[in-house]
Amino acid sequence: MMDQPPHLRITLDQAGAGMVLADELSDGHGTVLLPQGAILTEATLASLRRRGVAQCVVVRPAQPGHGDADADGGAPAARAALRQHQLARLQHLFRHSAGQEANATLLQLLTDYRNQE
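Residues numbered from 1 in each chain as written. Predicted model: local features only at pLDDT ≥ 70, side-chain atom pairs only at ≥ 80, totals over all residues. Heavy atoms only, no water.

A. Structural detail: the overall build of the protein. Counting its regular elements, the protein contains three helices and four strands. Secondary structure of the protein in N-to-C order comes out as β-β-β-α-β-α-α. Here the protein holds 117 residues, and 28% of them are scored as buried. Looking at the protein alone, contacts between residues at least 24 apart form 55% of all its contacts between residues at least 6 apart. Of the accessible surface of the protein, which amounts to about 8,100 Å², a share of 54% is contributed by carbon and sulfur atoms. (Helix = DSSP H or I, 4+ residues; strand = E, 2+ residues; numbered from the N terminus. Buried < 20%, exposed > 50% of the residue type's maximum accessible area, 1.4 Å probe, protein only. Contact = heavy atoms within 4.5 Å. Areas by Shrake-Rupley, 256 points an atom, 1.4 Å probe, with all protein chains shown as cover.)

B. Seen up close, the side chain of Ser 97. As for its placement among the helices and strands, Ser 97 is situated in the loop between α2 (76–93) and α3 (101–116). A polar atom in the side chain of Ser 97 sits 2.7 Å from the backbone oxygen of Phe 94. (Polar contact = N/O pair within 3.5 Å; in protein donor to acceptor, adjacent residues only side chain to side chain.)

C. Molecular detail of the environment of Gln 91. One can find Gln 91 in helix α2. The class for Gln 91 is partly exposed, based on a relative accessible area of 46%. The spacing of Gln 91 and Thr 111 is 20 residues in sequence and 9.0 Å in space, taken between C-alpha atoms.

D. Structural detail: the environment of Leu 110. Checked against the element boundaries, Leu 110 lands in helix α3. Assessed through its relative accessible area of 30%, Leu 110 is described here as partly exposed. Non-local contacts of Leu 110, meaning those with residues more than four positions away in its chain, are made with Leu 90 and Phe 94.

E. Helix α1 (residues 42–50), seen in detail. Turning to α1, its buried residues are Thr 44, Leu 45 and Leu 48. For α1, the angular spread of the buried residues around the axis is 100 degrees, confining them to a single face. Pointing more than 90 degrees away from the buried face of α1 are the exposed residues Glu 42, Ala 43 and Arg 50. The first or second residue beyond α1 is Gly 52, which carries a positive phi of 85 degrees. (Arc of directions from axis to C-beta.)

F. Examining the pattern of salt bridges more closely. Going through the model one piece at a time under the given rule, you end up with two salt bridges. Here Arg 49 and Asp 13 are joined by a salt bridge, their closest N and O atoms 3.7 Å apart. Of this pair, Arg 49 sits in helix α1 while Asp 13 sits in the loop between β1 (7–11) and β2 (25–26), and the two are 36 residues apart along the sequence. Across the pair Arg 51 and Asp 27 runs a salt bridge whose closest N-O atoms are separated by 3.4 Å. Of this pair, Arg 51 sits in the loop between α1 and β4 (55–59) while Asp 27 sits in the loop between β2 and β3 (32–34); the two residues are 24 residues apart in sequence, bridging distant segments of the chain. For Asp 27, a relative accessible area of 15% puts it in the buried group. (Salt bridge = Lys/Arg side-chain N within 4 Å of Asp/Glu carboxyl O.)

By themselves, these figures tell us nothing about what the structure is for.
Right under this line is the structure:
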């Protein structure tokens, strides 16, 4: 049996809430609308439709019965990549908060939360 590629190009009408972007999503002018690893929501999908986005590339969902899914159905590699992206995003958002105790505490709490998911 041939392995399927880990990514799937689909139309926005085929996309659903909870899907993870495998590549960043840009508009026709090259402006990045969503980063790689973003999780699609109903609100995001509605916004993308209004902007005229026609398709996206998502992480292929794990097939039931294939050893590449963890207990809650997510692909471990996709979940790990998403977590790394989220942690990097937190570091970027808090990059100017050195020496601010409240921000350092918030960053630590958010990092701990992301690491336990």
